[in-house]
Amino acid sequence: MNLSIIATLVYGILAMIGGIIGYIQANSQVSLVSGVISGLLLLVAGYFQIQGESWALIVAVLVTVILVIFFALRFAKTRKFMPGGLMVILGMLALALMVHQLIIGR
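Residues numbered from 1 in each chain as written. Predicted model: local features only at pLDDT ≥ 70, side-chain atom pairs only at ≥ 80, totals over all residues. Heavy atoms only, no water.

## Some details on the environment of Trp-55
Here Trp-55 is to be found in helix 3 (residues 54-78). Separated by 46 residues in the primary sequence, Trp-55 and Gln-101 place their C-alpha atoms 12 Å from one another. Of note is the side chain of Trp-55, whose polar atom sits 3.1 Å from the side chain of Glu-53. (Helix = DSSP H or I, 4+ residues; strand = E, 2+ residues; numbered from the N terminus. Polar contact = N/O pair within 3.5 Å; in protein donor to acceptor, adjacent residues only side chain to side chain.)

What follows is the structure, given as structure tokens:
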């Protein structure tokens, strides 16, 4: 298992946990739904990367880019490190590993 797969799975789990925490703390159903959906998409993409499907890495990159943009805008608006700043930093790290894997191939 390479680092891009691990990054995909970890970022997916963090997205899901973040959505659940957002729901618990702020009663935000939007956080819950978006966190669970994006987290599940990343977990499924990670699973299919393990199975050797090349399209799964592209899906993981797209979902991660969307999340990074969303959280960057949220961080810019609220100026609160949690959760926006943290998710941007972790998303950029995950994205760097994923893009590196796209470039070097399998």
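Let us keep going from here.
## Some details on the packing of aromatic side chains
Applying the stated criterion to the full structure yields three aromatic pairs. Residues Tyr-47 and Phe-48 carry aromatic rings whose centres are separated by 5.2 Å and whose planes lie at 75° to one another, so their mutual orientation is edge-to-face. Pairing Phe-48 with Trp-55 gives two aromatic rings, centres 5.2 Å apart and planes at 40°, and the pair type is tilted. A relative accessible area of 28% places Phe-48 in the partly exposed class. (Phe/Tyr/Trp six-rings, centres within 6.5 Å; stacked < 30°, edge-to-face > 60°. Buried < 20%, exposed > 50% of the residue type's maximum accessible area, 1.4 Å probe, protein only.)

## Section: the UniProt feature "transmembrane region" (unreviewed entry) in the protein
Mapped onto the present numbering, the UniProt feature "transmembrane region" (unreviewed entry) falls at residues 6-24, 31-48, 54-73 and 85-104. In residues 6-24, helix accounts for 100% and strand for 0%; the two terminal C-alpha atoms are 27 Å from one another. End C-alpha atoms of residues 31-48 are separated by 25 Å, and the span's content is 100% helix alongside 0% strand. (UniProt positions renumbered as here; feature names shortened; annotations may be inferred.)

## Digging into the packing of helix 1 (residues 3-26) against helix 2 (residues 29-50)
Running from N to C, helix 1 and helix 2 cross one another at 165°; their axes reach a closest spacing of 7 Å. Between helix 1 and helix 2, the interaxial angle falls into the category roughly antiparallel. For helix 1 against helix 2, the interelement crossing comes out left-handed. Per-class residue counts for the contact of helix 1 with helix 2 are 16 nonpolar, twelve polar and no charged. (Axes fitted to C-alpha atoms, helices over the stretch in contact; angles between N-to-C directions. Parallel < 35°, antiparallel > 145°, perpendicular 65-115°, else oblique. Left-handed = near helix turned anticlockwise from the far one by under 90°. Nonpolar A, V, L, I, M, F, W, Y, C, P; charged D, E, K, R; others polar.)

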